[in-house]
Amino acid sequence: MSQAINLRAYIRDVPDFPKPGIVFKDITPLLADGDAFSAAISELSCFVPQGVDAVVGIESRGFIFGAALAQQLGLGMVPVRKPGKLPADVHGVDYELEYGMDRLEIHRDALSKGHRVVIVDDLLATGGTAMAAIKLVRRVGGEIIGAAFVVELNALGGRERLAPVKVSSLVQYD
């Protein structure tokens, strides 16, 4: 594996998905290539400082990257899920997407007070999903050390919305 892999080459544009006017950044070609996926996880691991207790992965593609990253770092992975998917008591938060509304939930006992976490997802756009995850982690007592994304859409202002949380991304689009 080489860090010389151009990850952008493994991300394709899908116009008008999930609705007209949206250009979806599809990371499935990156997932399908072992070297590209491995390089992405290795590069994401560079964003995680010492002393982090867990990785928080956001449904659903954040689970893929979050679980692989947590395994590489020897950490646990806490899922943040859509409504009705977690079996125990949850906290939930509603949030706005760039194309509608949604809700995320976390188990009430997923983290202990002071747990230091990094939030991971495939894409940062407006920051609504990541901000919802941040609110949930804080609600259960966790401390957000950073947020890491494979893709960032700079023009949509997600990084600014998440401030002062440190945001890192592998591939940025203007």
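Predicted model, so just to flag it, every value in this text is computed and none were measured.

Thresholds applied
Residues numbered from 1 in each chain as written. Predicted model: local features only at pLDDT ≥ 70, side-chain atom pairs only at ≥ 80, totals over all residues. Heavy atoms only, no water. Buried < 20%, exposed > 50% of the residue type's maximum accessible area, 1.4 Å probe, protein only. Helix = DSSP H or I, 4+ residues; strand = E, 2+ residues; numbered from the N terminus. Pairing = 2+ DSSP bridges. Right-handed = clockwise from strand over helix to strand, strands pointing away. Patch = residues over 30% accessible without salt bridge, like charges linked within 9 Å, V, L, I, M, F, W, Y side chains within 5 Å. Areas by Shrake-Rupley, 256 points an atom, 1.4 Å probe, with all protein chains shown as cover. Salt bridge = Lys/Arg side-chain N within 4 Å of Asp/Glu carboxyl O. Lys, Arg positive; Asp, Glu negative; His and termini not counted. Charge placed at Lys NZ, Arg CZ, Asp CG, Glu CD. Polar contact = N/O pair within 3.5 Å; in protein donor to acceptor, adjacent residues only side chain to side chain. Contact = heavy atoms within 4.5 Å.

A. Representation of the pairing of strand 3 (residues 54-58) in the model. Among the five residues that make up strand 3, five are buried, leaving the element largely enclosed by the rest of the structure. Two elements, strand 3 and strand 4 (residues 76-80), share five bridges in a ladder whose sense is parallel. Paired with Ile-58 across the two strands is Val-80, which belongs to strand 4. A crossover connection joins strand 3 to the parallel strand 4 through helix 3 (residues 61-73); in handedness this β-α-β unit is right-handed. Pairing of strand 3 with strand 7 (residues 116-124), which is carried by four bridges, proceeds in the parallel orientation. For Gly-57, the partnering residue across the bridge sits in strand 7 and is Val-120.

B. The arrangement of a positive patch on the surface in detail. Taken together, Arg-108, Lys-135, Arg-139 and Arg-161 make up a surface patch of like positive charges. Here Arg-139 shows up in helix 4 (residues 128-139).

C. Main features of the side chain of His-107. As for its placement among the helices and strands, His-107 is situated in strand 6 (residues 100-107). Engagement of the side chain of His-107 in a polar contact is seen with the backbone nitrogen of Ala-88, the distance being 3.1 Å. Excluding residues within four positions of it along the chain, His-107 makes contact with Leu-86, Pro-87, Ala-88, Asp-89, Val-90 and Val-140.

D. The arrangement of unusual backbone geometry in detail. For the bond running from Phe-17 to Pro-18, omega is 5°, close enough to zero to count as cis. By the element assignment, Pro-18 lies in the loop between strand 1 (12-15) and strand 2 (23-26). Geometrically, the link from Ala-163 to Pro-164 is a cis peptide bond, its omega value of 15° lying close to zero. Mapped onto the elements, Pro-164 comes out in the loop between helix 5 (158-162) and strand 9 (167-173). With a phi angle near 60°, Asp-16 is a residue other than glycine that sits in the positive phi range.

E. Broad picture of the pattern of salt bridges. In the structure shown here, the tally under the stated rule is nine salt bridges. A salt bridge links Asp-102 to Lys-82, with the nearest nitrogen and oxygen atoms 3.9 Å apart. Of this pair, Asp-102 sits in strand 6 while Lys-82 sits in the loop between strand 4 and strand 5 (90-97), placing them 20 residues apart in sequence. You can call Asp-102 partly exposed: its relative accessible area is 22%. Under the relative-accessibility criterion, Lys-82 is labelled partly exposed at 32%. Among the salt bridges present, the one from Glu-152 reaches Arg-159, with a minimum N-O distance of 2.7 Å. Accessibility expressed as a relative area gives 3% for Glu-152, which makes it buried. On the basis of relative accessible area, Arg-159 is assigned to the partly exposed category, the value being 29%. Ionic contacts of the salt-bridge type, sharing partners, join the residues Asp-94, Arg-103 and Glu-105 into one network.

Purely geometric stuff here, so don't read any function into it on its own.
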